[in-house]
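This is what each chain is made of:
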Amino acid sequence: MNFNDIYLLSPQISIAGLAILTILVDLVVARKKAVMLIALIGLIVPLGFALSLVYGFDASNDVLGVDSSSILSSSFSLSIFSLYFNFLVLGALAIVVAGSSSYVRDAGLPVGEYFGLLLLSASGMMLLVSAENLITIYIALELTTLPLAALSAIAMNGKSTESGIKFLIVSALSSAVMLYGMAFIYGLSGSITLEGISAGLSSVPLGTDSYQQYGVLLGVILLLVGFGFKLSAAPFHMWVPDVYEGSPTPVVAFLSVASKAVAFALVLRFFYVGLGDLDLNWVLLFAVISAVSMSLGNLLAISQTNIKRLFGYSTIAHAGYILTGVAAMSYVGDSSIGVSSVLFYLVAYASANLTALLAISQIGEFVGSDEIDSYAGLSKQSPFLTVALVISLIALIGVPPTGIFIAKIYVFTAAVDSGLMWLAVVGVINSVVSAYYYVRVIRVMFRSNDNSRNTAKINTGVLVKLAIVVSALVTVWLGTMPSWVMGVAEMAAVSLVNVVN
Amino acid sequence: MIEFNGLLTATVFLPALGALVLILGPDNRFFSRFVATIVAAGDFVLAILVFSLFDRTDTAARFQFLDQWVWISSDAIKSTYLLGVDGLSAPLVLLTGLLGLCAVLASLKITLRVKQYFIWVLLLQTSVMGVFTSLDVLLFFLFWEVELIPMYMLITTWGSGRREYSGMKFLIFTIAGSAAMLVAILGLILTQGDQALNMMISLESGFGLMPSGGVISLSLLFWLFFVAFAIKLPVWPLHTWLPDAHTDAPTAASVILAGVMLKMGGYGLLRINVGMFPEHIHSFAWILMILGVISVIYGGVVTVRQTDLKRLVAYSSVSHMGLVLVGIASVGASYTYVSVTGLTGAAMQLFTHGTITGLLFLCVGLIYDKAHTRSIPQLGGIAQRMPIVGIAVLVAGFGSLGLPGLSGFVSEILVFFGAFTAFPVLTVVAVLGIVLAAGYILWMIQRALFGSLPDHLSELKDADRLECIPLILMIISIVIIGIYPSVLTDVFNSGLEPMVSVINNMSVINIGLLGN
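What this report covers is the structure whose coordinates are included nearby. Computed from a prediction, not measured in an experiment: that's the story for all the values here.

What follows concerns the overall build of chain A. Scanning chain A for helices and strands turns up 22 helices and zero strands. Against the globule reference of 23 Å for 501 residues, chain A gives a C-alpha radius of gyration of 22 Å, in line with a compact fold. Taken over the C-alpha atoms alone, chain A extends approximately 70 × 55 × 40 Å along its principal axes. Taking all 501 residues of chain A together, 63% fall into the buried category. Pairs at least 24 apart in sequence give 81% of the contacts found in chain A among residues at least 6 apart.

So this is what it looks like as structure tokens:
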């Protein structure tokens, strides 16, 4: 361990420090708004470190002439790929922190704990995307998940507690399954680092009827089950709508965007770096999970009356679309189109979903209900939130000019490129189905409010407004001028693929 | 590589800019109406500029006013922001500008949520303009998709009757068509490579002659594109969304829907199915012909039975759009040189149906506003009280049944001349559609306009000056084209000739191969 190792991990370390600082400040400061501001403004520090790391990269993919692929004796690695996710997590975190400022106040949530846990979870996510061996992967994953479980339960009411417990049990279960899979992989490869696993498994005699082959297969399947829970992919999706319904809405926003993104990063790295040389045909496995996720998610979303449950099922469906890109990765060993399409989709989905859920949290606060029917008359009450929600909902359908339109074409092109035409067709048909329930929400907002409920204007705080505007603009920006982010995603994908080759 | 003229970009995005001004501006009726009118009028002027500055000389470039910009350049997707018009799209841009203005003028009396209404109308205008001017398949698809939500909102919020049902039906049908198109585009990228998305390249010779890609997969792509456009056109049996959507949509939405959005289907067929798949359109023309004839006859027969004025016009659209398919099917003429006549007829039919049906919908809207009913049995003799609307209905009706001297005649005669060389018997059957048209139009005019005025309509008022403007604009266009059709046919010819020559070159090659 030396100074360079610390520098290469500085975004993660500084955000963990910021989390602790936030909790400490909360103890001594009476003005709770200050705590939020410290959490928000403090994000500049990890962001600055991450930026300086990006500009430190030279052509040979090294930082400052230091080998960035083995930090702290091969515990972590640093690449454009992991930095890409660092920025995604930091961006989502900044938007969620700003966007939950009024929610936390109005719902009476404990401020220090709320923001501290958010930051802690983010530090776990950022460690996870650069974790290099099985132990750091597991620890980072737990650091990601446990604060989120606490955040789900932070509202301390029946629903919230239920969802917190549910989340905790499900993640413990999935971690256990995943650990079991890791044990198999470790046992058969004799290494805990991803590259070591790759090297160790290459000596396993595949295609023969050896016990090793079945061992590896069992390990991979167990891993996939564990990851499936984190990805909220079917058939491991049952917890999603319940947790979404009960948790505070900004937490749901963070959960559905950042936590999902790093889970995908983990899957990509594990299956690309760790198991990349393995000649097992798991493309079909991913493809089937993808098809089932989008079909099931979309079909179940149709009958939902609660907007948060609807978004729960919608996130399952989108996990399916993204998995299409993951399935496309494995066929073409050298090409990085599948990976970069996943990376682009994650950003597009993050911006759309953050916009939607922050708007929903504002509406829910004001209307006092998350039932879709209670959204009637919203276009009069808050034109601002209506526009934001319309943009994000048409984005989630995949209608231009929004990011997911491009992202879907990207992902489906990747699928077609790797011979998965049928999966692309399933995805396209699913987009048609999804239009039905998303558009219904748009329709309700423009309907006039029949019962003389509250028809006063909704006031949205400045910071929240700013957060929503930024994420909505990103959605439109990705839909109209996607080239820049696509280029970055491609660089990140190449940096992942280069590790393999 | 990078060219930027700017005229088309302005034409396409001026309405979107207007919508943005409305979104950010105050929620004030007069402001909204003012902005929408100015923007629509400005866009009409730009469309006139595009049409009149379009170089018609023989040496002119095929695609003009190019706006070209690298839009997406990644390993997986390469797409350009490429706008341009040729002889096929320039008149349709003009049509969109004209109908856009008429639609806004016809909606000035709307009082429900004026601001939102005009936002959706203007977004719709941008989307349709974009479809007609995109020369990149992905960009074309983008604009094609943008139209969904505005139209859905217009039908469900400002419509009447079973508007929720009709709106959702419209949405599901259209998006199902889009899904087919998206799969086709993905297939195009897969089999033909990225440069196939650039229409300027892929229209050069079409895919039939390109060596790569199996014939079977190309046929599949052809049919996927066909389904997308057939839903929009609409072609029997995919037409069922149209009568519902039309009947329940507000007047302006009906005008845009019938006037320009159905044309997106016809335009897509001409541009992509004919232009890019010359071999397939030639060999599958008989199927198109059969579907077209069924649409013409079925639409006509059903129209005769309608008692709701709006439904009547809607079903007559099915019949008239069938003629577009009949005109396109003229490329199926075997072993003779395919002439451009039928295609020009189809394109003319798109334009004339746009103005004629647009005018009919405006009149029906006016009658409904004043008489509060669209049911023909409850009307009668309203020409006594509404002479101006009566004249407009007469002009549109006669245009619709193909009276010489009005624009409808030109397009129908061209369609039949073209189709007769390819499918004489079926063309004769299709001509029966004209007889039916004469039947339902004249019968409708006789029952609704003439006869004795029922008592409850004695207070009926005629169209006021403001309402006259769109009527007059459309009547002028119908009469001018009827008297002097070359103003359009020449332009259409110049755009369609290159496509026909691709088909002819191909049949020469085919005959040559057979000879060996």
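Listed per partner, the contact involves 37 residues of chain A and 34 residues of chain B. Summing both partners gives a buried area of about 3200 Å² for chain A against chain B, and 76% of it is carried by carbon and sulfur. For the interface between chain A and chain B, the tally reads two salt bridges. Close ionic contact of E164(B) with R443(A) constitutes a salt bridge, the shortest N to O distance being 2.7 Å. Joining chain A to chain B, the criterion identifies seven residue pairs in polar contact (both at pLDDT 80 or more).

Here we take up a nonpolar patch on the surface. Residue and element names in this part refer to chain A. Residues L284, V288, V292, L296, L300 and W422 make up a contiguous nonpolar surface patch of about 470 Å² in total accessible area. Sort the elements by how many residues they give to the nonpolar patch and helix 14 (residues 283–302) lands first, with five residues. Of note, L284 is situated in helix 14.

All names here are of chain A. Where helix 2 (residues 10–28) contacts helix 3 (residues 32–42), the two axes come as close as 9 Å, and the packing angle between them is 165 degrees. On the basis of their axis angle, the class for helix 2 and helix 3 is roughly antiparallel. Like other packed secondary-structure pairs, helix 2 and helix 3 cross with a definite hand, here right-handed. Taking contact as the criterion, the partners of L18, L21, T22, V25 and D26 in helix 2 are, on helix 3, K32, V35, I38, A39 and G42.

Right, let's talk about the environment of S100(A) for a bit. Structurally, the position occupied by S100(A) is in the loop between helix 5 (80–99) and helix 6 (101–107). Of the polar contacts made by the side chain of S100(A), one reaches the side chain of Y114(A); its length is 3.4 Å.

What follows covers the nonpolar core. Residues F85(A), F270(A), F271(A), L343(A), F277(B) and I328(B) are the most contacted members of the largest nonpolar core, which totals 396 residues. Examining the composition of this core, we find that 20 residues originate from one element, helix 16 (residues 337–367) of chain A, more than from any other. Ignoring anything within four residues of it in the chain, the contact list for I328(B) reads L269(B), L270(B), V274(B), I281(B), L288(B), L343(B) and A346(B).

The next subject is the packing of helix 18 (residues 383–397) of chain A against helix 20 (residues 421–446) of chain A. All names here are of chain A. Relative orientation of the contacting elements helix 18 and helix 20 amounts to 170 degrees, with a least axis distance of 9 Å. It follows from the interaxial angle that helix 18 and helix 20 lie roughly antiparallel. Between helix 18 and helix 20, the residues in contact are T386, L389, V390, L393, I394, L396 and I397 and S431, S434, A435, Y438, V439, V441, I442, M445 and F446, respectively. Residues belonging to the contact of helix 18 with helix 20 are distributed by class as follows: 13 nonpolar, three polar and no charged.

In this section: the layout of surface pockets. All names here are of chain A. Of the pockets and cavities examined, the second largest pocket occupies roughly 1100 Å³. Lining of the second largest pocket is provided by 38 residues; of these, L47, F87, L88, G91 and W484 occupy positions nearest its centre. Of all the secondary-structure elements, those providing two or more residues to the lining of the second largest pocket are helix 4 (44–56), helix 5, helix 16, helix 21 (462–480) and helix 22 (483–500). At eleven residues, the largest contribution of residues to the lining of the second largest pocket is made by helix 5. Considered class by class, the residues forming the lining of the second largest pocket number 33 nonpolar, four polar and one charged.

Scoring rules and cut-offs
In this convention, every chain numbers its residues from 1, walking through the sequence in written order. Each chain takes a letter, starting from A, and each ligand takes a number, starting from 1, following the order in which they are written. Local features in this predicted model are restricted to residues of pLDDT 70 or higher, and side-chain atom pairs are both shown and tallied only at a pLDDT of 80 or more, whereas totals for entire chains, interfaces and linings draw on every residue. Heavy atoms throughout the structure, all of them, feed into the side-chain values; hydrogens and water do not. Runs of H or I in DSSP of at least four residues are treated as helices and runs of E of at least two as strands, each being numbered from the N terminus. Our radius of gyration is a C-alpha quantity, and the globule rule it is checked against amounts to 2.2 Å times the number of residues to the power 0.38. Working definition: with a 1.4 Å probe on protein chains only, accessible area under 20% of the residue-type maximum means buried, over 50% means exposed, and in between means partly exposed. Residue contacts follow a heavy-atom distance rule, with two residues in contact if any of their heavy atoms lie within 4.5 Å. Here the quantity called buried area is the total loss of accessible area, with a 1.4 Å probe, experienced by two parts when brought into contact, counted for both. Whenever a carboxyl oxygen of Asp or Glu lies within 4 Å of a side-chain nitrogen of Lys or Arg, that contact is scored as a salt bridge. Contacts described as polar in this section are N or O atom pairs within 3.5 Å, which, within protein, must combine one atom able to donate a hydrogen with one able to accept it, while residues neighboring in sequence count only if both atoms come from side chains. A patch consists of residues whose relative accessible area exceeds 30% and which take part in no salt bridge; residues with like charges are grouped when within 9 Å of each other, and nonpolar side chains (Val, Leu, Ile, Met, Phe, Trp, Tyr) when within 5 Å. Here the accessible surface of atoms and residues is derived via Shrake-Rupley with a 1.4 Å probe, and residues count as covered only by protein chains that are part of the display. Structural elements are reduced to axes, namely lines fitted to C-alpha atoms, with helices fitted over the stretch in contact, and the angle between N-to-C directions of any two is expressed from 0 to 180 degrees. Should an angle lie under 35 degrees it is considered roughly parallel, over 145 roughly antiparallel, and from 65 to 115 roughly perpendicular; all remaining angles are considered oblique. Each crossing gets its handedness from the near helix: less than a right angle anticlockwise from the far helix is left-handed, clockwise is right-handed. Take the buried residues of types Ala, Val, Leu, Ile, Met, Phe, Trp, Tyr and Cys, join any two whose side-chain atoms come within 4.5 Å, and each joined set is a nonpolar core. Each residue gets one of three labels, nonpolar for Ala, Val, Leu, Ile, Met, Phe, Trp, Tyr, Cys and Pro, charged for Asp, Glu, Lys and Arg, and polar for the others, Gly among them. Using a grid of 1 Å spacing that covers the protein atoms alone, one calls a set of points a cavity when a 1.4 Å probe fits there but cannot get out, and a pocket when the set is open and has protein on both sides within 12 Å along at least five of seven lines; lining residues are those with an atom within 4 Å of a point. Grid points are joined across faces, edges and corners, and a volume is the space filled by probe spheres set on the points.

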